[in-house]
Amino acid sequence: AYLSQWGKDHFQKQYLDYGVKTIWGWDENSGLRPCPVYLRHCVLASWNSDNVGCEWSSVDDENGGMCYNSFLDETFLVDRKTTVREYLKQFREIMTLEPPEELKERYGG
């Protein structure tokens, strides 16, 4: 996805020239998944940047605005294939999770 948007020359200058062969540093088959509470925080932050004063409803809501939809549809998991929106549709419970008590203020929850 990165190469199709920015091109190989950009990747060469920004990463390969410095010895960095991958943006993430994790193999696409690593099985690494996002921290659920932090992912929820990022989804709500992207929603709120577009919808001040409007409460988030569902990952199925595509009326969230440019930032929200960009985050859900143009951010990929480490497998480089699964979008955040697709992941959240598989694991809907993520959006119901509350941060631990000691992090609630930081996460705005």
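These numbers come from a predicted model, not from an experiment.

Chemist: Just to check I follow, could you spell out helix 4 (residues 66-74) for this structure?
Modeler: Residues of helix 4 that are buried include every one of Y68, N69, F71 and L72, and no others. The arc enclosing the buried residues of helix 4, seen along the axis, measures out at 160°, which places them on a common side. Exposed and facing more than 90 degrees away from the buried side of helix 4 are M66 and E74. Looking at the buried side of helix 4, the elements it contacts are helix 3 (36-50) and helix 5 (84-90).

Chemist: Hey, could you run me through helix 3 in this one?
Modeler: Given 3.6 residues per helical turn, the α-helix brings residues three or four places apart onto the same face. Its 15 residues give helix 3 an end-to-end C-alpha distance of 22 Å, which sits within 8% of 21 Å, the value for a rise of 1.5 Å per residue. Buried within helix 3 are the following residues: V37, L39, R40, C42, V43, L44, S46 and W47. Lining the buried residues of helix 3 we find helix 4, helix 5 and helix 6 (104-107).

Chemist: I tried to follow the nonpolar core on my own but got confused; where do I start?
Modeler: Where a protein is soluble and globular, its nonpolar side chains tend to be buried together. Core analysis: the biggest nonpolar cluster contains 14 residues, and L39, V43, F71, L72, V84 and L88 have the highest contact counts within it. Those elements giving two or more residues to this core turn out to be helix 3, helix 4 and helix 5. In terms of residues, this core owes the most to one element, helix 3, which gives five residues. Every residue in contact with L39, bar those within four places of it in the chain, is listed here: P34, F71, V84, Y87, L88 and I94.

Chemist: Sorry if this is basic, but what is going on with the side chain of R85 here?
Modeler: Structurally, the position occupied by R85 is in helix 5. On the accessibility criterion, R85 (6% relative accessible area) is buried. Only 2.7 Å separates the side chain of R85 from the side chain of D73, close enough to count as a polar contact.

Chemist: Would you mind going over unusual backbone geometry with me for this structure?
Modeler: As a rule of thumb, non-glycine residues mostly have phi less than zero, and peptide bonds are mostly trans rather than cis. Positive phi is not limited to glycine here, since R80 has a value of about 65°. Summarising the element assignment, R80 is placed in the loop between helix 4 and helix 5. According to the relative accessible area criterion, R80 is partly exposed, its value standing at 26%.

Chemist: Just to check I follow, could you spell out the pattern of salt bridges for this structure?
Modeler: Think of it this way: side chains of opposite charge can pair up when their charged atoms draw near. Tallying each qualifying case throughout the model produces three salt bridges. Between D73 and R85 there is a salt bridge whose closest N-O contact spans 2.7 Å. Here the residue D73 occupies a position in helix 4, and R85 occupies one in helix 5, the gap between them amounting to 12 residues. Classification of D73 by relative accessible area gives partly exposed; the value is 35%. Taking the shortest distance from any N to any O, the salt bridge between E101 and K104 comes out at 3.9 Å. The class for E101 is exposed, based on a relative accessible area of 62%. Since its relative accessible area comes to 25%, K104 is described here as partly exposed.

Parameters at a glance
- Per chain, residues are indexed from 1 in the order of the written sequence.
- The predicted origin of the model limits local features to residues at a pLDDT of at least 70 and limits the giving and counting of side-chain atom pairs to 80 or more, whereas totals for whole chains, interfaces and linings rest on all residues.
- Calculation of side-chain values draws on the structure's entire complement of heavy atoms; hydrogens and water are dropped beforehand.
- Exposure is judged per residue with a 1.4 Å probe applied to protein chains only, and the accessible area is read against the type maximum: over 50% gives exposed, under 20% gives buried, and values in between give partly exposed.
- Put simply, DSSP H or I for four residues or longer makes a helix, DSSP E for two residues or longer makes a strand, and each gets a number counted from the N terminus.
- The arc in question is traced by the directions running from the helix axis to the C-beta atoms.
- Only heavy atoms enter the contact rule, under which two residues are in contact if any of them lie within 4.5 Å.
- Here, expected helix span is obtained from the residue count minus one, scaled by 1.5 Å.
- Remark: nonpolar core denotes a set of buried residues (Ala, Val, Leu, Ile, Met, Phe, Trp, Tyr, Cys) joined through side-chain atoms within 4.5 Å.
- Polar contacts, as used here, are pairs of N or O atoms within 3.5 Å; protein pairs need one atom able to donate a hydrogen and one able to accept it. Residues neighboring in sequence count only if both atoms are side-chain atoms.
- Salt bridges, as used here, are contacts in which a Lys or Arg side-chain nitrogen is within 4 Å of a carboxyl oxygen on Asp or Glu.

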